[in-house]
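Structure assessment
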Protein chains: 4
Amino acid sequence: MRTNRLEAFSDGVFAIAITLLVLEIRVPEGAGDRLAHELAQQWPSYLAYLVSFLVIAIIWMNHHAVVDHLREADRPLLALNLFLLLWTSLIPWPTRLVAEYMREGGDPERVAALIYAGTMTMMGVAFGLLWRYASRHRDLLSVELSEAEIARRTRRFTIGSPIYGLSIVVALFSAPASLAIIAALAVYYALPQGGMMPGPAR
Amino acid sequence: MRTNRLEAFSDGVFAIAITLLVLEIRVPEGAGDRLAHELAQQWPSYLAYLVSFLVIAIIWMNHHAVVDHLREADRPLLALNLFLLLWTSLIPWPTRLVAEYMREGGDPERVAALIYAGTMTMMGVAFGLLWRYASRHRDLLSVELSEAEIARRTRRFTIGSPIYGLSIVVALFSAPASLAIIAALAVYYALPQGGMMPGPAR
Amino acid sequence: MRTNRLEAFSDGVFAIAITLLVLEIRVPEGAGDRLAHELAQQWPSYLAYLVSFLVIAIIWMNHHAVVDHLREADRPLLALNLFLLLWTSLIPWPTRLVAEYMREGGDPERVAALIYAGTMTMMGVAFGLLWRYASRHRDLLSVELSEAEIARRTRRFTIGSPIYGLSIVVALFSAPASLAIIAALAVYYALPQGGMMPGPAR
Amino acid sequence: MRTNRLEAFSDGVFAIAITLLVLEIRVPEGAGDRLAHELAQQWPSYLAYLVSFLVIAIIWMNHHAVVDHLREADRPLLALNLFLLLWTSLIPWPTRLVAEYMREGGDPERVAALIYAGTMTMMGVAFGLLWRYASRHRDLLSVELSEAEIARRTRRFTIGSPIYGLSIVVALFSAPASLAIIAALAVYYALPQGGMMPGPAR
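First things first, this report covers the structure right here in the doc. Every residue gets a number counted from 1 within its own chain, in the order that chain's sequence is written. Here chains are named by letter from A upward and ligands by number from 1 upward, in the order in which they appear as written. Given that the model is predicted, a residue must reach a pLDDT of at least 70 before its local features are reported, and side-chain atom pairs must reach 80 or more before they are shown or counted; all residues, however, enter totals for whole chains, interfaces and linings. Only hydrogens and water are removed before side-chain values are computed, so all heavy atoms of the structure are retained for them.

Focus: the overall build of chain A
A count of helices and strands for chain A gives nine helices and zero strands. The numbering of helices and of strands both runs from the N terminus, where a helix is a DSSP run of H or I of at least 4 residues and a strand a run of E of at least 2. Listing every helix and strand of chain A by position from the N terminus yields α-α-α-α-α-α-α-α-α. Considering only C-alpha atoms, chain A reaches an extent of 65 × 30 × 30 Å along its principal axes. Summary of the burial criterion: residues with accessible area below 20% of their type's maximum are buried, those above 50% are exposed, and those between are partly exposed, where the area comes from a 1.4 Å probe applied to protein chains only. The burial tally for chain A puts 62% of its 202 residues in the buried class. In chain A, of all internal contacts separated by at least 6 residues, the share reaching a separation of at least 24 is 78%. Per-residue accessibility takes into account occlusion by the displayed protein chains alone, with areas from the Shrake-Rupley method and a 1.4 Å probe. Here chain A displays about 7,300 Å² of accessible surface, and carbon together with sulfur accounts for 63% of that area. For the purpose of counting charges, residues Lys and Arg are taken to be positive, whereas Asp and Glu are taken to be negative. His and the chain ends are not included. Where a charge lies is defined by one atom per residue type: Lys uses NZ, Arg uses CZ, Asp uses CG and Glu uses CD. A gap of 8 Å separates the mean positions of the 17 positive and 17 negative side-chain charges of chain A. Any pair of residues with heavy atoms lying within 4.5 Å of one another is described as a contacting pair.

Concerning the relation of the copies chain C and chain B
Copy-to-copy superposition: least squares on the C-alpha atoms, limited to residues that have pLDDT of at least 70 in both copies. The two copies are related by a screw operation: chain C maps onto chain B through 90 degrees of rotation and 0.0 Å of translation along the axis, at an RMSD of 0.0 Å. Such values leave the two copies arranged in the relation of a four-fold axis. Here only 10% of the contact residues of chain C are again contact residues in chain B; the copies associate through non-equivalent surfaces.

Quick look at the relation of the copies chain B and chain A
Superposition record for chain B on chain A: RMSD 0.0 Å, screw rotation 90 degrees, translation along axis 0.0 Å. Both copies present different contact surfaces, since only 10% of the interface residues of chain B are interface residues in chain A too.

Some details on the interface of chain C and chain B
Listed per partner, the contact involves 39 residues of chain C and 34 residues of chain B. Note: buried area is the sum, over both parts, of the accessible area (probe 1.4 Å) each one loses when the two are combined. Both sides together, the interface formed by chain C and chain B hides about 3,100 Å², and carbon and sulfur atoms give 70% of it. Any carboxyl oxygen of Asp or Glu that lies within 4 Å of a side-chain nitrogen of Lys or Arg is treated as forming a salt bridge with it. Our count for the chain C to chain B interface comes out at three salt bridges. The salt bridge involving Arg5 of chain B is made with Asp68 of chain C; its shortest N-O contact spans 2.4 Å. Whenever a nitrogen or oxygen atom comes within 3.5 Å of another N or O atom, the pair is scored as a polar contact, on the condition that within protein one atom can donate a hydrogen and the other can accept it, and that pairs from neighbouring residues in sequence are kept only if both atoms are in side chains. At the boundary of chain C with chain B, the tally comes to 13 residue pairs in polar contact (both at pLDDT 80 or more). Put simply, the parts of the chain that give the side of chain C that touches chain B at least two residues each are α1 (3-20), α2 (35-41), α3 (43-67) and α9 (175-190) of chain C. Residues are sorted three ways: Asp, Glu, Lys and Arg are charged, Ala, Val, Leu, Ile, Met, Phe, Trp, Tyr, Cys and Pro are nonpolar, and all the rest, Gly among them, are polar. A breakdown of the residues in the side of chain C that touches chain B according to their chemical character gives 27 nonpolar, five polar and seven charged.

This is the structure in structure tokens:
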């Protein structure tokens, strides 16, 4: 399959998933004069929107850093890409979960954070697998990419999974800390050394 | 009509339908300490999300295997394509229905599975008609496709409808078995011999 | 503005609006053994889904029949296109309204049908204005289109508005008849003489 | 990153956000003979739909006026673009908020208008930053754009932020007046002198 198809479909899913996040933010009903107060109370909604937006935006950018160097897509790569999309398009659900239960403290908050971190971890694992498959099948890659460049990307794209995994462990103790780790990873990938568009070799 | 238009619009509908599936997965309200339990209870939601995701992903891939070989689209082909999209974009609804009623057992569960299997069958029939029309109007096809290749695709693309039909019959007795058949068909289409991208002839 | 931009954005709105229609079809809650009965009772939902799907599909096809012949888009044309999209992206709302109130009979049913027909009329008027503007500014059109062809399209594209207008009047007396007129118009446009892709001149 | 990627993803988000607006318009439940009355009562929904539709349409058009002149996108520009999308994809939420609380008068109405105007202001600021960054890094711009043209666009694209800011102040006193300012700004940008497609220099 030509990679432009793969790309257009994946971009569509990323764009829709990122835009559906807003449906998670509630409009309090019949709040009357307590509206400002109730809106302030639902701060986890805004936080969850922001973190999930960042995560999906980074997936989109990193996905391009992979697909741009593909000459074509074979069947296992298509399957791995769908595995990535399966978890990415799920993200609005744990986002709603965190938005709903993050203020509660105790067990419900940790359950929500655990599922959030777990979804992100599966998404990170899927992305790592996608890159590893592509980088080990050099016939799929276009020639422009040097060995050193491939090794550098491998380091960067595989650092995500263990850190997402860490966010699962942390979620058992503190939901906000778990989200902070996920947000920090997104910021790392957005920075120049984050592997997306490594200046000279681009 | 140029086929790239047909393709872009169809891909848009596939990408949106697949991403809307997540809206079906509920966030329990006010579950408190029973959150983990309630989330576990709604396992049919996760199963329905997974199966519908697979089915739409496979439609997308098989759709490309057809459209990639079209030189142009005439009016009946456009109409058949819209008939396919009509059923595909409906999929989130039977998915919600199965997610809601699959735990209940008895009649409601079977009604939900019946409608789910029925929607998939109509989608499979529409896809079969689309391929049959295209393959019988050789002027619409690009020359690259050999007779043997067309015959092979016809076998593969028409196997879907009777198997989806079987899932309707099975739904009368067992909802999980009906979903299992639909999932197995999706996995079959994802395998190399499943007709999507038959190695040498691609 | 290059017309491919206009087209991609418009197609995106058409694809999303057509796929959002499914959110209108309800899943009865806690219906138990009455599930089949309750699903049968909400037949106006299925009818409204079908008619709105047809209408948006036809707008998409006719829109291409216009934009394909444009060389470029100036500001008034962009504004008219946005006016068309404003009414098209509204369609899921009157669709939900009809689905909810069509069984009720009496005033509520007629109010719902009136708003449905009114939205379609405004959409038809917007489409007519778009075509008229394009056809009167020949510098926007590519040369391939003959005078006779333009006249033929003008007849076809302007027949929609009065018929949609008729569906408003009919809605005052019978909601089903009003929907039937709208559906019949969509079927007319789908037929070969419906103006979308007039064989020889394509 | 090639700008066509940036453009396709951004256009996707714009198209989805503008089409999701319709989900905000309610269908009254069980209104019976009071349906027409209840539909009339929810006029702020229609107003909010219209204004938000206009605003997103204008962002889309102005975004193209920027991206069309970009040769490539570097990392800060990508980040600024995501900052713009973050606020744009949020717009359906304040739109629902205004639709829900605008009739109430008093504090809730002003809170809703304040958040609406605040979201638009952040969006306007993000757009201004995007243009300023692009215009100050001439290596990102294609050569066709003259100094005078750049200065003209800078004036036009930076006029948005202070006017959106004004709509925040006005929201403290009158919600309708605040929305009117936002709508007027959208109309200004839609007019020929609004900077989007300045005839001769294009």
